[in-house]
Amino acid sequence: MTNTDDFEKMERDGWSDPVIAKGYADGFENAARLVAQKLADLVRAGPGTAVLDLCTGPGDVAAELVRRGATVTGLDFSAAMISLATKAVPGARFVQGDAMAMDFEDQCFDAVTIGFGVPHFPDTDRGLSEVARVLKPGGKLAFSIWYGKGSAGSFGWLFDAVGRLGDPSVSLPDGPDAHLLSNRDVAEEMVTKAGFSDVQFVDIPSEIWVPKPDSLFDVFDKGAVRAASLLGGQPDHLRDAIRADLAARVVAEGQSKDSGYVVPAPSVAISAKRVTAA
């Protein structure tokens, strides 16, 4: 079994940094809002629905769930994220905790949403099984995953630039592939194994807004732990080359809007139903 201790430390240290937490909240706000709407649709959130928003981050999904009248509990391991979410969404309850071992009773939620959080599980199978445990039979799960390497958008551009221009000796600790579950065959197998059925996939044309072309580099460098680790390990001249490459892609493939640029950041939402007791 792969040792993920270093990966878990990187994730916990990174997302617990208030600067990174705020960088994520600001940099990915535009994309997160659209995805939140789709996740809320997929779990049919509404009055009387008890929803757990797992890996709640700055509360983007929780805010949409509350807007629709759901009773919302948000959980995250990062105190910095919990602080942001509590201020942003006073209508939800937020708790700090471990997604791998949640302090909730069995079958206590009608639905679970996870906005881009599944790749941060150190053990994806265990995390999905824990989600199944806290869901009522027939309860809905919906989570989102960014499309990554090779995709026609911001994450694809990043991996392409780092691959061509970066120092190949800079690598991340062993851990789950951040974009693996964007592969439908892989995702369906894992979700079904965890105790779900009726697995569905919906592509989302999510977008990131940046004030300047070279700001896309900063979105990743200051608001995404894994990307920040990859970029932070590069020498200055290679960081500058990657920044310039991303800026050129923004100008060539983004759209001018609101005194800045909108760039694609495609993602997929995956939903399923818990039909048997965990």
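Bear in mind that the values here come from a model prediction, so they are computed numbers and not experimental data.

Asks: For this particular structure, what's the right way to read the packing of helix α2 (residues 18–27) against helix α5 (residues 79–88)?
Replies: In helix packing, the relevant descriptors are the interaxial angle and the interaxial distance, both defined with respect to the helix axes. In the contact formed by α2 and α5, the axes pass within 8 Å of each other and the chain directions differ by 45°. By the criterion of interaxial angle, the relationship of α2 to α5 is oblique. Handedness of the crossing formed by α2 with α5: right-handed. Residues Pro 18, Ala 21, Lys 22, Tyr 24 and Ala 25 of α2 touch α5, and the partners they reach there are Ala 80, Met 81 and Leu 84. Here the contact of α2 with α5 is built from residues that sort into 7 nonpolar, no polar and 1 charged.

Asks: Would you mind showing me how to read the layout of surface pockets here?
Replies: A water-sized probe, rolled over the atoms, reveals where empty space remains. Its volume calculated, the second largest pocket comes out at about 220 Å³. Around the second largest pocket sit 14 residues that line it, and Glu 29, Pro 58, Gly 59, Asp 60 and Ala 88 are the ones nearest its centre. Elements represented by at least two residues in the lining of the second largest pocket include exactly α3 (29–42), α4 (60–67) and α5. Of all the elements, α3 adds the most residues to the lining of the second largest pocket, at 5 residues. In terms of residue class, the lining of the second largest pocket is made up of 8 nonpolar, 2 polar and 4 charged.

Asks: Help me out: how do you make sense of the packing of aromatic side chains in this one?
Replies: Each aromatic ring pair is specified by the distance between its two centres and by the angle formed by the two planes. Across all of its chains, the model carries 9 aromatic pairs by this definition. Aromatic pair Phe 28 and Phe 155: ring centres 6.2 Å apart, planes at 25°, arrangement stacked. Linking Phe 28 in the loop between α2 and α3 with Phe 155 in helix α7 (residues 154–165), this pair joins segments that are 127 residues apart in sequence. Neither residue differs from the other here; Phe 28 and Phe 155 are each classed as buried. Each member of the aromatic cluster is reached from another via a ring pair, and the members are Trp 15, Tyr 24, Phe 28, Phe 116, Trp 146, Phe 155 and Phe 220. When the ring centre of Phe 77 is taken as reference, the NZ or CZ atom of Arg 12 above it lies at 4.7 Å.

Asks: Got a minute to help me understand the sheet that holds strand β7 (residues 207–210) in this structure?
Replies: Whenever strands of a sheet pair, they do so through backbone hydrogen bonds, lying parallel or antiparallel. Read from one edge to the other, the open sheet built from 3 strands follows the order β7-β9-β8, with strand pairing classed as antiparallel. A single partner strand is all that each edge strand has here, and the edge strands are β7 and β8 (255–257). Averaged over all adjacent pairs, the angle separating strand axes in this sheet is 35°, with direction ignored. Inspection of the sheet shows β8 paired to strand β9 (residues 260–264) by 3 bridges, in the antiparallel sense. Residue pairing across strands places Lys 257 opposite Gly 260, the latter belonging to β9.

Asks: Can you walk me through the pairing of strand β3 (residues 93–96) in this structure?
Replies: Where strand β2 (residues 71–76) and β3 come together, 4 bridges link them in parallel fashion. Residue pairing in the sheet places Gly 74 in a bridge with Phe 94 of β3. One crossover worth recording links β2 to the parallel β3 by way of α5, and it is right-handed.

Asks: Sorry, what's going on with helix α10 (residues 225–232) here?
Replies: In an α-helix, one full turn covers 3.6 residues, which means residues spaced three or four apart are oriented alike. Of all 8 residues making up α10, 6 are buried, and the element is well covered by its neighbours. The complete set of buried residues in α10 reads Val 225, Arg 226, Ala 227, Ala 228, Leu 230 and Leu 231. Contacts made by the buried residues of α10 are with α1 (5–15), α2, α7, α9 (215–223) and α11 (236–253).

Asks: Even after reading the chapter, I still don't get the state of the cysteines, so can you show me in this structure?
Replies: By definition, a disulfide is the covalent link that joins the sulfur atoms of two cysteine residues. Throughout the structure, instances matching the rule amount to 0 disulfides. Looking at the unpaired Cys 55, the closest cysteine sulfur is the one in Cys 108, lying at 16 Å.

Asks: Help me understand the pattern of salt bridges, please; the structure alone is not making it clear to me.
Replies: Think of it this way: side chains of opposite charge can pair up when their charged atoms draw near. The final tally for this structure, using the stated rule, is 20 salt bridges. In this structure, Arg 12 engages Asp 98 in a salt bridge whose closest nitrogen and oxygen atoms are separated by 3.9 Å. On the criterion of sequence distance, the pair formed by Arg 12 in helix α1 and Asp 98 in the loop between β3 and β4 (109–114) is long-range, its members being 86 residues apart. A salt bridge links Arg 67 to Glu 64, with the shortest nitrogen-to-oxygen separation between them at 2.7 Å. With Arg 67 and Glu 64 both in helix α4 and 3 residues apart, this pair spans about one turn of that helix.

Analysis parameters
Residues numbered from 1 in each chain as written. Predicted model: local features only at pLDDT ≥ 70, side-chain atom pairs only at ≥ 80, totals over all residues. Heavy atoms only, no water. Axes fitted to C-alpha atoms, helices over the stretch in contact; angles between N-to-C directions. Helix = DSSP H or I, 4+ residues; strand = E, 2+ residues; numbered from the N terminus. Parallel < 35°, antiparallel > 145°, perpendicular 65-115°, else oblique. Left-handed = near helix turned anticlockwise from the far one by under 90°. Contact = heavy atoms within 4.5 Å. Nonpolar A, V, L, I, M, F, W, Y, C, P; charged D, E, K, R; others polar. 1 Å grid on protein atoms, 1.4 Å probe; cavity = no way out; pocket = protein on both sides within 12 Å on 5 of 7 lines; lining within 4 Å. Points joined across faces, edges and corners; volume = space filled by probe spheres on them. Phe/Tyr/Trp six-rings, centres within 6.5 Å; stacked < 30°, edge-to-face > 60°. Buried < 20%, exposed > 50% of the residue type's maximum accessible area, 1.4 Å probe, protein only. Lys NZ or Arg CZ within 6 Å of the ring centre and 35° of its normal. Pairing = 2+ DSSP bridges. Right-handed = clockwise from strand over helix to strand, strands pointing away. Disulfide = S-S within 2.5 Å. Salt bridge = Lys/Arg side-chain N within 4 Å of Asp/Glu carboxyl O.

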